Amino acid sequence: MGRDESPNVLLVVLDSARAKNCSLYGAARTTTPFLESLSEEAVTYAQARAPSNWSLPSHVSIFTGLEAHEHRLTVHDRLRPGNTVFESLAENGYETGLFTENGFLNGHDSGIEECFDAVVGVPDDYDDAYDTASLNPGPDGFYYADELLDWTAEREEQWAACLNVMDGHRPFEPRAEYDRWGDERARRLQADLDVRWEWEFYGKTHPYWRLAGLESLYDGGIRQADAVTERVIETLRRRGELDDTLVVICGDHGDGFGEPGHLPDEPHAVSHIIPMHEELLHVPLLVRPPGGTEGEVCHEPAALTRFPSVVEAHVGGEQSGTGFAAERVLSLKQPVTADLRDRFEDACEDVTPFTAESHALYTNEDGRGVRKRYHWGDEGLEASVSGPGDFRPLRAVDPATVTDAFDGPEAGVREPMGGRQATEEAKEQLAALGYY
């Protein structure tokens, strides 16, 4: 990578944000007004898909450019050093930073935090103005945005940073000014549920329709994540730094609120990690190149794994704004690990529907949307997806027509942790977000 007049790089990951609930993509609730305005000077990808259905494998894919079936990194593995775009940038003189409360990225011993020069996670002390939640103690996304902005203000060389915004991740506790669609019944429901509420729905303690109340709170969380993003982008603009920065804003996966499956034994979508519904895989993706561009919309399938090549192109002086487009996009459900399987066995009579393998393959559909072929266990389906929520089943397919696209050797970038998964501090941090 060259260094002369190379841009800064800012990756904003809206954790758990699904395209279906973003007004940028037509959602009825105005959840992303800032992204809508920013789209006038950026490229909006209408058909972006996440490489996996939860944070850890998706982030590894985004950072390395490897598909989830190539890196195969799970909670039991550690990413070997030297495989991310941020490390490549650091070798070429960039200063790098990671800003997030997501424990899978900054405290899980996954090796990700070691890919950055500076890492800001959950602090011991912080201004009370950021402490706006009760179910998830700690500062909200504005804290990490401000830490990022302070860090960039002190940089004398080009910088590259990832801001992972968790305001749209459960538990959903947006500030009052963004909590526009929730009500007291929804808040009481969330407070009465376990933070990891899949078991109470999959175990039939609660009906799936009650998740609509939680979705109203989720929309407020997306609205707050949009405002956090606005603070960062508009501050960089006021400083005169925005036009010297490549900005990529995306979701790493979505969330489920009781949507039914389309295949036999495919469970309803409840939160993430298990489901492979469009609500989990269709995510927002918006790119503002240095200097901005006229608002464009790309309708081709887009792969988040293209992030390293997009960065390399801009650092190398190629001002391509449609570099995320791909002939095909792959999404993978990771195997259900032992701890997760135990939880399903405790809550559900039959764990088979939840442990089934699933892969999804997306291809272009002549400008009308994407063609999705996927399987759940031994049953496969081909469907046409024209936009968020517009899923039209077409025909049954042999799962092999999907899984054949996932053939190939392992990339050799992971190191098994020998049974270790997380420090006690990381487990406590992750438990507040619905893990462990």
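For every chain, the first residue of the written sequence is number 1, and numbering continues from 1 along that sequence. Reporting of local features is limited, given that this is a predicted model, to residues whose pLDDT is at least 70; pairs of side-chain atoms are given and counted only at 80 or more, and all residues count toward the totals for whole chains, interfaces and linings. Water and hydrogen atoms were dropped before computing side-chain values, which therefore reflect all heavy atoms in the structure.

**Student:** Hey, could you run me through the overall build of the protein in this one?
**Tutor:** Strands are runs of DSSP state E lasting at least 2 residues, helices are runs of H or I lasting at least 4, and numbering of each runs from the N terminus. Looking only at helices and strands, the protein features 15 helices and 17 strands. Seen through its principal axes, the protein has C-alpha atoms that stretch 60 × 50 × 45 Å. Here the analysis covers contacts within the protein between residues at least 6 apart in sequence; of these, 73% occur between residues at least 24 apart. Per element, the accessible surface of the protein, about 16,700 Å² overall, is 42% carbon and sulfur. Measuring between centres, the 38 positive side-chain charges of the protein sit 5 Å from its 81 negative side-chain charges. In this analysis, two residues are considered to be in contact whenever any of their non-hydrogen atoms come within 4.5 Å of each other. For the accessible areas, the method is Shrake-Rupley and the probe is 1.4 Å, while residue cover comes only from the protein chains on display. Only four residue types enter the tally: Lys and Arg on the positive side, Asp and Glu on the negative side, with His and both chain ends excluded. A charged residue contributes its charge at one atom only: NZ of Lys, CZ of Arg, CG of Asp or CD of Glu.

**Student:** How should I be thinking about the packing of helix H6 (residues 141-153) against helix H9 (residues 211-239) in this particular structure?
**Tutor:** Any two packed helices are characterised by the angle at which their axes cross and by the distance between the axes. Every angle, taken between N-to-C directions, lies between 0 and 180 degrees, and every axis is a line fitted to C-alpha atoms, over only the stretch in contact when it is a helix. It is at 9 Å that the axes of H6 and H9 come closest, and there the two elements cross at 20 degrees. Between H6 and H9, the interaxial angle falls into the category roughly parallel. For the crossing formed where H6 meets H9, the hand is right-handed. Two secondary-structure elements touch here, H6 through Gly141, Phe142, Ala145, Asp146, Leu148, Leu149, Thr152 and Ala153 and H9 through Gln224, Ala227, Val228, Arg231, Val232, Thr235, Leu236 and Arg239. For this scheme, ten residues count as nonpolar: Ala, Val, Leu, Ile, Met, Phe, Trp, Tyr, Cys and Pro. Four count as charged, namely Asp, Glu, Lys and Arg, and the remainder, Gly too, count as polar. Partitioned by chemical class, the residues of the contact of H6 with H9 number nine nonpolar, four polar and three charged. Working rule for angles: under 35 degrees goes down as roughly parallel, over 145 as roughly antiparallel, 65 to 115 as roughly perpendicular, anything else as oblique. In this scheme, a crossing is called left-handed if the near helix is turned counterclockwise away from the far one by less than a right angle; it is called right-handed if the turn is clockwise.

**Student:** Can you help me understand the packing of helix H7 (residues 184-192) against H9 in this one?
**Tutor:** Interhelical geometry of H7 versus H9 gives an angle of 105 degrees and a closest axis separation of 9 Å. The orientation of H7 relative to H9 falls into the category roughly perpendicular. In contact with Ala186, Arg187, Leu189 and Gln190 of H7, H9 contributes Gly213, Leu214, Ser216 and Leu217. Considering only residue class, the contact of H7 with H9 consists of four nonpolar, three polar and one charged.

**Student:** Even after reading the chapter, I still don't get the side chain of Glu279, so can you show me in this structure?
**Tutor:** Within the element layout of this structure, Glu279 appears in helix H10 (residues 278-281). In this structure Glu279 touches Arg18, Lys20, Gly254, Asp255 and Glu259, once residues within four positions along its chain are discounted.

**Student:** Sorry if this is basic, but what is going on with the pattern of salt bridges here?
**Tutor:** Pairs can form between side chains of opposite charge whenever their charged atoms are close. By salt bridge we mean one thing: a side-chain nitrogen of Lys or Arg within 4 Å of a carboxyl oxygen of Asp or Glu. Scanning the entire structure with this criterion turns up 28 salt bridges. A salt bridge links Glu365 to Arg371; the shortest N-O distance between them is 2.6 Å. Summarising the burial analysis for this pair, Glu365 and Arg371 share the class buried. Three or more residues joined by partner-sharing salt bridges are found here, namely Glu41, Glu234, Arg237, Asp243 and Arg288. Each residue's exposure class comes from its accessible area (1.4 Å probe, protein chains only) as a fraction of the maximum for that residue type: buried when under 20%, exposed when over 50%, partly exposed otherwise.

**Student:** I keep staring at the nonpolar core and nothing clicks. Help me out?
**Tutor:** If you look at soluble globular proteins, the nonpolar side chains tend to sit buried side by side. Think of a nonpolar core as a cluster: buried Ala, Val, Leu, Ile, Met, Phe, Trp, Tyr and Cys residues, connected wherever their side-chain atoms sit within 4.5 Å. Residues Leu11, Leu285 and Phe307 are the most contacted members of the largest nonpolar core, which totals 122 residues. Counting residues per element, this core draws most heavily on H9, at eleven residues. In contact with Leu11, other than residues within four places in its own chain, are Ile62, Phe63, Phe86, Ala161, Cys162, Leu163, Val248, Cys250 and Phe307.

**Student:** What's the story with the pairing of strand S13 (residues 358-364) in this structure? I'm lost.
**Tutor:** Regular strands show a simple pattern: their side chains alternate between the two faces of the sheet. Of all seven residues in S13, five are buried; the element is thus mostly enclosed. Strands are treated as partners if at least two bridges between them are detected by DSSP. Of the strand pairs in this sheet, strand S12 (residues 328-332) and S13 are connected by five bridges, and their pairing is antiparallel. Across the sheet, Leu332 pairs through a bridge with His359, a residue of S13. The pairing of S13 with strand S14 (residues 370-376) spans seven bridges and is antiparallel. Of the residues in S14, the one forming a bridge with His359 is His375. Hairpin connection from S13 to S14: five residues lie between these consecutive antiparallel strands, with Asp366 at a positive phi of about 55 degrees.

**Student:** Help me understand the sheet that holds S14, please; the structure alone is not making it clear to me.
**Tutor:** Note: strands within a sheet are paired through backbone hydrogen bonds, in either parallel or antiparallel orientation. As summarised here, the arrangement of the five strands in space is S12-S13-S14-S15-S16, forming an open sheet in which the pairing is antiparallel. Sheet topology places S12 and strand S16 (390-397) at the edges, where each strand pairs with a single neighbour. Taken over all neighbouring pairs, the strand axes of this sheet differ in orientation by 20 degrees on average, direction set aside.

**Student:** Before we go on, may I ask you to explain unusual backbone geometry in this structure?
**Tutor:** Backbone geometry follows two general trends: most residues other than glycine have a negative phi, and most peptide bonds adopt the trans configuration. With an omega of -10 degrees, the peptide bond between Arg170 and Pro171 qualifies as cis. At Ser16, a position not held by glycine, the phi torsion is positive, near 70 degrees. Tracing the sequence through the fold places Ser16 in the loop between strand S1 (8-14) and helix H1 (33-38). Residue class for Ser16 comes out buried when judged on its relative accessible area of 0%. Backbone geometry at Asp265 places phi at a positive 70 degrees, although glycine is not the residue there. Structurally, Asp265 is set in the loop between strand S8 (256-259) and strand S9 (269-271).

**Student:** How do you make sense of the packing of aromatic side chains when you look at a structure like this?
**Tutor:** The geometry of an aromatic ring pair is captured by two quantities: the separation of the ring centres and the angle between the planes. Aromatic pairs are defined between Phe, Tyr and Trp rings, using the six-membered ring for Trp, whenever the two ring centres lie within 6.5 Å; interplanar angles under 30 degrees are classed as stacked, those over 60 as edge-to-face, and all others as tilted. The final tally for this structure, using the stated rule, is 21 aromatic pairs. Summarising the aromatic geometry, the rings of Trp199 and Phe344 are spaced 4.7 Å apart at their centres and angled 80 degrees between planes, so their arrangement reads as edge-to-face. A residue pair is termed long-range when its members are at least 10 positions apart, and Trp199 in helix H8 (residues 198-202) and Phe344 in helix H12 (residues 338-347) qualify at 145 residues. For the pair formed by Trp199 and Phe344, the shared burial category is buried. Members of the aromatic cluster, joined through ring pairs, are Trp199, Tyr202, Tyr208, Phe344 and Phe354. In this scheme, the term charge over a ring applies when either NZ of a lysine or CZ of an arginine sits within 6 Å of the ring centre and within 35 degrees of the ring normal. Between the NZ or CZ atom of Arg170 and the centre of the ring of Trp197, over which it lies, the distance is 5.4 Å. Here Lys372 stacks its cationic end above the ring of Tyr374, 4.4 Å away from the centre of that ring.

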